[in-house]
Amino acid sequence: MENQINWTALGIFIFFFALVTVLGFIASRWQRGGDAHKGEHLDEWGLGGRNFGTWITWFLVGGDFYTAYTVIAVPALVYAVGAYGFFALPYTIIVYPIVFAIMPKLWKVAHRDGHVTAADVVYGRYSSRALEFAIALTGVVATMPYIALQLVGMEVVIKALGLTGELPIAAAFAILALYTYSAGLRAPALIAFVKDLMIYIVVLVAVVLVPMKLGGYGVVFRSASEAFTAKGGATGLYLQPQQMLPFATLALGSALAAFMYPHTLTGIFAAKSADTIRKNAIFLPAYTILLGLIALLGFMGHAAGIGIKNNNDVVPALFNALFPSWFTGFAFAAIAIGALVPAAVMSIGASNLFTRNFWKPYINPAIDDAGEQKVAKIVSLVVKVGALVFILFLPTKFALDLQLLGGAWILQTFPAVVFGLFLNWFRAPALLAGWAVGLTAGTWMVFSDGIKPVHTLMIGDASYTVYTGLLALALNIAVAVVVQLIMGTRGAQSAPAMTGQKQ
């Protein structure tokens, strides 16, 4: 039955996929100014001309923050372990005050000095090519498995439609690559409107109709509780005492890391003003409500009694079992389109980093604006091909493991990117030393724990399980402070102020 093509669902899926493809190509002429020369600047392709207002930014940031894999992975984790899978909710609550406090300051510096990436901001602040390169390299490496995971989300729904083989997913990403090359950030920004509307419809219908079909939410929670009781271990409708510390530190660490990723910062830098970012920090929690509803689909999978081999299949299996084919096609299209928006922004963010912080300083310092844009466009294609090869030739679990490691990595860029906005004490060598120690320690802990996101510390007879990325960040900051103290504060005041140097 799994390999039998659902032609009605497939037809609806193709229709909406074709719709967003057309929108992607139309986007190249959307929101453009009248200055033809400005159209050759990397800002125009990589940041949409820095002209996105509140609504566009709201959909774009929400679109690249809540990805297709979120729609697949969060219910899958809840289906597998229960309450522990809900750590994504406090994480997305904590993140928005962080955005409100930090991102308007970062935007002002980037806007004033023409910075396109976080590594640009770091170089403008500290005049250190080594620190700039470290931040850029971390951003690109941490982003690659994240892009690959968007393909995982798309792969799950394509398989649920009855299609097999690599050709459908390769074709989808070839289309994505072409319209991203043509329209840059404007393509995912325009498509995000359609994607978010579709996701909201799917989720709201599901959380109302699925419980009605299953006998109500009482049945849903009772069935999930019985399934977790039978499974045993660290599962259940409630957090167990030993899960509370890792749950809390995962939420906090993930919140600190979330807007260090190139794709989320790209959405921030593309905003029209600092007030646009503040307004988004106020309104974006609406997505947290959506995420909570999505997570409930994991419990519903137990009540529906669906039989799956892979936890990632829980949402597609639920829709296949309980909804007519036309709505299933619509839902699967929403999830697949939900992969396109973040994958496009991620590839643009990575290509901006490569162009501004590797190609320009080390390969061609004399490159002009048009040349920068051309290099970034080509690199965005290479990044997508790399992600596609990554997912086709490596096991899915490996991609997920590397994404967990990527979260610990990207968190180590936080001190260099953020501290300079508020402090004039740290110098580049101290921050670089902290970054190196944090990255090395975080990587070692993740691999020594069998690629898990948490690490157990033994202090006396007591054990404490904490998010690995947060532990590595603590080491990072401690080393940076110690090195700075050893160096002395001499020259700290004469370090470049936040005037930046336009690269």
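Just above, that's the structure.
Treat the numbers as computed from the prediction; the structure is a model and nothing was measured. (Residues numbered from 1 in each chain as written. Predicted model: local features only at pLDDT ≥ 70, side-chain atom pairs only at ≥ 80, totals over all residues. Heavy atoms only, no water.)

A. Here's a closer look at the environment of valine 74. Structurally, valine 74 can be placed in helix H4 (residues 68-81). A residue is classified by how much of its surface remains accessible, and valine 74, at 11% relative accessible area, is buried. Distance from valine 74 to leucine 296, taken between C-alpha atoms, is 9.1 Å for residues 222 residues apart in sequence. Not counting the four nearest positions on each side in its chain, valine 74 is found in contact with Tyr69, Gly85, Ala88, Leu291 and Ala295. (Helix = DSSP H or I, 4+ residues; strand = E, 2+ residues; numbered from the N terminus. Buried < 20%, exposed > 50% of the residue type's maximum accessible area, 1.4 Å probe, protein only. Contact = heavy atoms within 4.5 Å.)

B. Molecular detail of empty space enclosed by the protein. All chains considered together, the criterion is met by three cavities of 30 Å³ or more. The calculated volume of the largest cavity comes to roughly 120 Å³. The wall of the largest cavity is formed by 16 residues, among which Thr117, Ala118, Pro262, Leu265 and Leu353 lie closest to the centre. No other element matches the four residues that helix H12 (residues 262-269) contributes to the lining of the largest cavity. For the lining of the largest cavity, the per-class residue count stands at ten nonpolar, six polar and no charged. Taken as a whole, the second largest cavity encloses approximately 80 Å³ of empty space. Looking at the second largest cavity, the residues that line it are Tyr66, Thr67, Thr70, Val71, Lys195, Asp196, Ile199, Tyr200, Tyr287, Leu290 and Ile294. Counting only elements with at least two residues in the lining of the second largest cavity, the list comes to H4, helix H9 (186-214) and helix H14 (286-304). The dominant element in the lining of the second largest cavity, judged by the number of residues it contributes, is H9, at four residues. (1 Å grid on protein atoms, 1.4 Å probe; cavity = no way out; pocket = protein on both sides within 12 Å on 5 of 7 lines; lining within 4 Å. Points joined across faces, edges and corners; volume = space filled by probe spheres on them. Nonpolar A, V, L, I, M, F, W, Y, C, P; charged D, E, K, R; others polar.)

C. View of the pattern of salt bridges. Throughout the structure, instances matching the rule amount to ten salt bridges. The salt bridge involving lysine 159 is made with aspartate 313; its shortest N-O contact spans 3.4 Å. Here the residue lysine 159 occupies a position in helix H7 (residues 129-160), and aspartate 313 occupies one in the loop between H14 and helix H15 (314-322), the gap between them amounting to 154 residues. For lysine 159, a relative accessible area of 33% corresponds to the partly exposed category. By sharing partners, the salt bridges in this structure join Asp120, Arg356, Lys360 and Glu372 into a single network. (Salt bridge = Lys/Arg side-chain N within 4 Å of Asp/Glu carboxyl O.)

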